[in-house]
Structures are given as structure tokens and as C-alpha cells.
Amino acid sequence: MTDTTALAAEALRTRCDPEQFDFDTTTDLEELSEVIGQARALEAIRFGITIRREGYNLFVLGETGAGKHTVVREYLEQQAAHEELPSDWCYVNDFEVPHKPRSLRLLPGQGVEFREDVSHLIEDLRAALPSAFETDEYHARVQEISDAFEERREQAFSELTSAAEKHNIRLIRTPGGFAFAPMKDNAVIEPADFQRLPEQEQKRIEEHISVLQEQLTAILRAVPQWRRETREKLKALNREVAMYTVGHLIEDLKKKYQDIPRVPEYMDAVQQDVVDHVDDFLQREEESPAISIGLAETPSFHRYEVNVLVSHRDSGGAPVVYEDNPLYQNLVGRIEHVSRMGALTTDFTLIKPGALHLANGGYLILDARKVLISPYAWEGLKRALASREVRIQSLGEMFSLISTVSLEPEPIPLDVKVVLVGERLLFYLLQAYDPDFGELFKVAADFEDRLDRTTDNNLMYARMVATLARKEKLMPLNRHAVARVIEHSAKLVGDAEKLSTHMLSVTDLLRQADYWARHDGRDVIGMEHVQQAIDAEIRRADRIRNRVQEEILRGTVLIDTAGETTGQVNGLSVINLGNFTFAQPSRITATARVGEGEVVDIEREVELGGAIHSKGVFILSSLLAARYARKRPLSVSASVVFEQSYGGVEGDSASMGEFCALLSAIGELPIRQSLAITGSVNQHGQVQAIGGVNDKIEGFFDICRSRGLDGEHGVLIPASNVKHLMLRDDVVEAARAGQFSIYPVSTVDEAMELLTGLPAGEVDEQGVYPEGTVNRRVADRLQEMAAEREAFAKGRSKKVPRESGDDE
């Protein structure tokens, strides 16, 4: 019989000795300048940031609350502070194609300056142009052009009048226009007198009047043309005056921005548009706005404004932008609309930047999950990164959901390093199902969730605690409090040889310990305050656990902790409720009868068992056949089940308990109910490690303590789980007093020896187990079942006699 002894109390919890620290409080410790335990992730971040190649964006993956956002942002801000400021970007009007605003790239900080310069230019033009058109020289030239027109017209009529008078005909101006009348002795002949003239004379006069009439018609037709020519001359004069006035002012801006691409060309376009619309600058705002509304359109100088999309006037280094709400329009920008007279309108001044614009030339941090759940945000981000430009396009227009006046802004070149922060599952899903992901996010920075628990790392952890306390403005911790935090960190990660790097959990613990220390009126956080914070957090979340334990203690849920029963063991299952995890004992039963070698997993049959649990049952079925039915068919039908289980069962941590219950049912071997068992088993009967070992032990301990510890209670765990033990102090003290035991087992034989009190027995050269052993009892019973099955098959009804030594 294998001598499996209970673990010593010292093996149940690896304590952190506060005497290893040479400080009194965390005030004596220097702040931690590096991120503890994340060397691999930091190397990946450093590589991803410094490599300037297309597609080398980063995906930072790890558990939520591991401090990924904080670490990435702090590191990026340090890196960005030493990089050059990126360019400013503006949108201006395209006077030829107004619905396609053009973009201008300016030096860092020049965007606002350029906008102010253009604004001052327009103000200067509004003052200078009216003045230029009010000078005596201008009025003289206007008068000259007008006089030339009048002179030309009068000369034409004067010549026509002279030609008419040569033939004794006078040109008369009437309300209806011009007319010709014959004269005699410088007086107009009356119509009656004209009729008394000889016919030949009348005919001669009429012929002359006809010729003169043609000349008059020609003059009347020429006058509008002369008037148009006059207007053109006036326009040319106005253009000349305006060009001189505008050119003088704009030339200064062109010289100032002559080295900035596209700005001089834009200023030329402004100059041309001002000249073409000089009349807008000459109108006087004599009427009040209330009177002029709806009567006349006020000249608009809106088209000359500069929309500064991105400005780095007050920035230091490259931008680091975190977009907390990465909607599509928040990433790529949007075009706003305003309601005017019942219609939605827009212009280039209503173009608003997105996070890609703001981070252009720097770094953009995004939460991967938020991007993926925002409609079209992921596709918009990929499109921008692939094309290396930001194109603003409304989703409503893209899918023809709205019909309004809109714009097509010129795309802006994109040079940004995007850092996605998310869980590991998202990273692997994107890698598997999005073909573009691998091309755009080539660097993965994987954050560790644990680090080795060594003496050096304990000191580093103490410095990290000191750093967090200062950052959160908490009271300092003494060395005993730091040691308790380290122990709790190992408990969080479920490994006595590791420490948790889950910064949120550690920070929350420090905040709560600070609260209790202040509540007690202390100025230093002690170990008792850390323990009080741990206990209070459990207290706030353990209502369900208490209800479950209450139902067990009241007998509603059947769990035996004393006596012996055949085909029944106490398994241990873990329940996860948000951020609180606890365990409860579960009764596992098995039945056996003559059959054809089938082991029925009732949980699987009713679809309450998960795939891993079903796998565990198949493995124990294979182990049963390999061990006891190598030379004959396995003639047993058995079933195993979690009693009073009304939810799903998953995992293989109960497979060792199920196998032991099955052997007990087949060999009719009573099992001690004062013991609980956990562990998975393989096809060779070896016991394998499981998760949640601390919660499972503590869950069974609570039930046993409530019923009264008598020294017989304990838990069987895989030997490979011993290094994970970080049990509560009360469990450790009970083990030290001999009231509760933890047994490490490596094989199912060791487990059966502890559960039954019988030796397991090893097979000899003939393949026979020794008498009085567990394996012999099971083997003999299976042989009997095989004989009974054979007899039944042959139609014989008499029972095959048992061999001596077997119970009836």
C-alpha cells in the first residue's frame, strides 16, 4: 500500500517574509520606472513604434485590467515627446469647384496663423477697396469714360442733324423718339403746306428723309453697343483698380507663404475671386439686419475663410490620441449641416476632423472591442490605413440614406501609427477571420498576466506597490502590509510560485486598504487593513456562496461528510460569478450492472455536459477497459452523474472522482465521505493538474468546519497542484492542528487507497492482482459480470458462483 501522507501546514501557503525587506514603509522605496514583468511586450511596442514601414501597426493584447492602456500611453508619450511636430492641415474653398474643398498642408503651428492672416486680408480689402473706388482719380477716369460715350453719341446725332439741315430737314426729339420734318426759312413746314408743294418736291424731300432715317436707325442701333463698350471699359477700370489694390495686399501673403506648397496658388485664386466679385466689397450695410432679411442677399465673405482642421500650435512633439468613442465619423471625420430656410446646407467650414486627422503624424490608441462593435468603424479604419489617406465621407450618403447638399473634400495623406488594445480572443479571431488584419497589424505586444515569485521580484513588486500608492495619493504601506499584498497577488494568480501583474486588482486592493486605514485613524496602511479590505470585498460578493452552503447544511443539497458509501464521492466544482469565484462540493454517483462495456455520461446525454467533461468520461472509460479488460470484453454498463446539478457541467477536473466512484460501484467498495476529491485522469491512470484548487479546498473546508471538524476530513488533489496552494489562514491552521488534511496523489490507485482504506494492488506477471486489494475486487466483479453475460447469451439462467472471498 502506497504511503500517501497529508501535506504539512507549511506547504499549504507560501508566505512572504516581511523581514526580507529593508524598508519600514513604502515611503522609503524609490518609484518603479519600468513596467514589471512585461519585458517581451515592451520590446514589441518599442519595435512597432520605431519601425517606419507600411503595415507595422500594433495590437496590444492581454487581460482586461492588466494596465495595457496606461503602459502604452505612457510609453508613447515618452517616445512622441522627442519626435517632430507634424504638419497643420486646413481646408479652403475651391472657387472653381465649390463642392470639392481643397486641403492645404502647412508647417506646425501655421494653420491658425494662416487663418488669421487671411481673415485680416479680407478685413483690409473690405476697407481698402471702397476707398480705392472713391478717389478723385477713379472718379475722373469714370467720368472720362462716361463723357467719351456721351460725346460719341452726341457727335453722331450732331452729324446727322447737320446732314439733315443741308437738305432743309430738321431732326426733332419727341416723347416717342426721333422724327424728321422738312423746313422752309428755318421753320418746320406744316403738313398742310407740305401737301401744297409740288409732287416732285415732295418726292425729293421724302427720299432725303428716307436716307436720313436709315442713318438714324444705324445710330440708334449703335448706341447700345457703345453703352456695352462703356460698361466693359468701366469693368476693366474696376478690375484694374481692384487688381492693383488686392494684388498689393495679397502679394505680402504670397511672399510669407511662398515656400508652402499650394498656398501661393490658393492666394492667386483668392485674388481672382475678389476681383470677379469686387461689387460685394463695395456694398454698404446701411440697412439694419432686421429690415434687410428677405429683401436682399447680404454679400458673404464666408467663402474666403480658412477651416483649420488640425493645428499643433500649442503641442510638444508628435500627437498621442486616444479615441474613447471610435464611431465611424469620430475616426475619419464628418461634414456637418445647418438648417437654412427649411433646407440642410453645408460648406467647407463645416468639415470636422476625426481621430485619424488629429493623430496624423503621431500615434492613435483605440480599444479594439469598441472599434469592432461600432458600425463600419473597423472597415473605415482599415480603408484609411490601406490607402494611407483620410477620405471624409458620410455614411448616409455612402448608402444613399439621405439626400442633401454635401461635399467631397480632398483626401488628406495619412502617416499614423495605430495601436489597438484588446483581449487575446479578439486578436486570434481577427487573425483567423479577417484577411486584412495581418497586413495592417503586423506587431503583437502580448502582456504577461504573471511573473515569477522570486526574492528580487518581491522587492520589485514592493516598489510597484509604492509607485501605485503615490500615483493614487494613498497612505504608505508598512512592510507587513506589502508582504500581505504579495501573498494575495499569488492567490489571485492561483500559483504560490507566481505573482499577478493584473494592475487593476492590485490598485483596487490598495485603495480599499487605504480606506480602512483612514477609517481607523491611521497614517500608515498595515497588514490588518489589507486583510480587512480582502475580507470586506469577499463579504460584499458572497451572498450566493452563503446561500449554497446554507442549503447543503440544511440538507436540501445532499452532501455527506461522514461515513462510507458505495458508488459515491464528493467532487468539487467551481462557480464563477463576475469577479467572485467560489467552490462547492458536488455529489458524484456511479452505478454498474452487466452490459456491453458502455459508460453513460448522464450529463452528456441530456446535453448538460460540455465537450471537455465528455472527453474526461471517454478517457476514464478507456482507462477502465485498458486496465481490466485486456483479454476479455468489458461486460459492464455503468453510468456517472453529478447529482442535483441543474446547470451545465464543463471541465475534466472531476474525471478522477468519477473514475473512483465507478470503481467503487463495480467492486462494491465503500468510500469515505469525509474526503473530497478533484483532479483529471489520463488513459494510464495518472492524475493531472486542475484549476481553482484553492477555491475547491476552501469550499469543502467551509462545509466540514460548519458541521464540525473531527480530523477525518480532507481533500485529495493532484500532486502537480501542490505548487499552486495558497490557502486561507484558517485552513492552514486546521491542517496544523490535524483537523483537516490535504493529500497529494499522482495516480488513481493512490486515490482509491485513501478513499477505501484498502491497498490498490499491482498486477503480477500472470496478470493477477493480489487478494484483498481494490483492483482485485474490481477485476473479480468484472469477471463475474462477463460470466453472467455469457450465460445470459447462451440462455442459461443459473447464476455463476462467486469466487471465495467476495461478499454476497
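Placed above this text is the structure.
Values in this document were obtained by computation on a predicted structure and should not be read as measured data.

Asks: Please clarify how the side chain of K696 should be interpreted in this entry.
Replies: Tracing the backbone through its elements, the reader meets K696 in helix 25 (residues 693-707). Buried charge without a salt bridge: K696, with D652 as the nearest opposite-charge side chain at an N-O distance of 7.8 Å. When neighbours within four sequence positions are excluded, K696 is seen to be in contact with L572, V574, A583, S653, T678, I690 and G691.

Asks: Just to check I follow, could you spell out the layout of surface pockets for this structure?
Replies: Empty space among the atoms can be located by rolling a probe the size of a water molecule over them. Considered as a void within the structure, the largest pocket measures approximately 1700 Å³ in volume. As for the largest pocket, its lining consists of 50 residues, of which H488, K491, L492, N579 and T581 are closest to the centre. Of all the secondary-structure elements, those providing two or more residues to the lining of the largest pocket are helix 18 (479-493), helix 19 (503-519), helix 20 (527-541), helix 21 (543-553), strand 21 (568-577), strand 22 (580-594) and helix 25. For the lining of the largest pocket, a count of residues per class yields 14 nonpolar, 18 polar and 18 charged.

Asks: Looking at this structure, I do not really get empty space enclosed by the protein. What am I missing?
Replies: For the structure shown, the criterion picks out two cavities of 30 Å³ or more. In this structure, the second largest cavity encloses a volume near 30 Å³. For the second largest cavity, the full set of lining residues is V35, I36, Q38, A66, T501 and M503. Across the lining of the second largest cavity, the residue classes tally to four nonpolar, two polar and no charged.

Asks: Where do I start with the pattern of salt bridges in this structure?
Replies: Close approach of charged atoms allows side chains with opposite charge to pair. Per the counting criterion, the structure on display carries 51 salt bridges. A salt bridge links E77 to R73, with the shortest nitrogen-to-oxygen separation between them at 3.3 Å. Placement of the pair is E77 and R73 together in helix 2 (residues 68-80), with a separation of four residues, close to one helical turn. A relative accessible area of 40% places E77 in the partly exposed class. One salt bridge connects R102 with D94, and the closest N-O pair in it is separated by 3.9 Å. Across this residue pair, the class does not change: R102 and D94 are buried. Residues joined in a network through salt bridges with shared partners are K491, E698, D702, R705, R728 and D730.

What counts as what
- Residues numbered from 1 in each chain as written.
- Predicted model: local features only at pLDDT ≥ 70, side-chain atom pairs only at ≥ 80, totals over all residues.
- Heavy atoms only, no water.
- Helix = DSSP H or I, 4+ residues; strand = E, 2+ residues; numbered from the N terminus.
- Buried < 20%, exposed > 50% of the residue type's maximum accessible area, 1.4 Å probe, protein only.
- Lys, Arg positive; Asp, Glu negative; His and termini not counted.
- Salt bridge = Lys/Arg side-chain N within 4 Å of Asp/Glu carboxyl O.
- Contact = heavy atoms within 4.5 Å.
- 1 Å grid on protein atoms, 1.4 Å probe; cavity = no way out; pocket = protein on both sides within 12 Å on 5 of 7 lines; lining within 4 Å.
- Points joined across faces, edges and corners; volume = space filled by probe spheres on them.
- Nonpolar A, V, L, I, M, F, W, Y, C, P; charged D, E, K, R; others polar.

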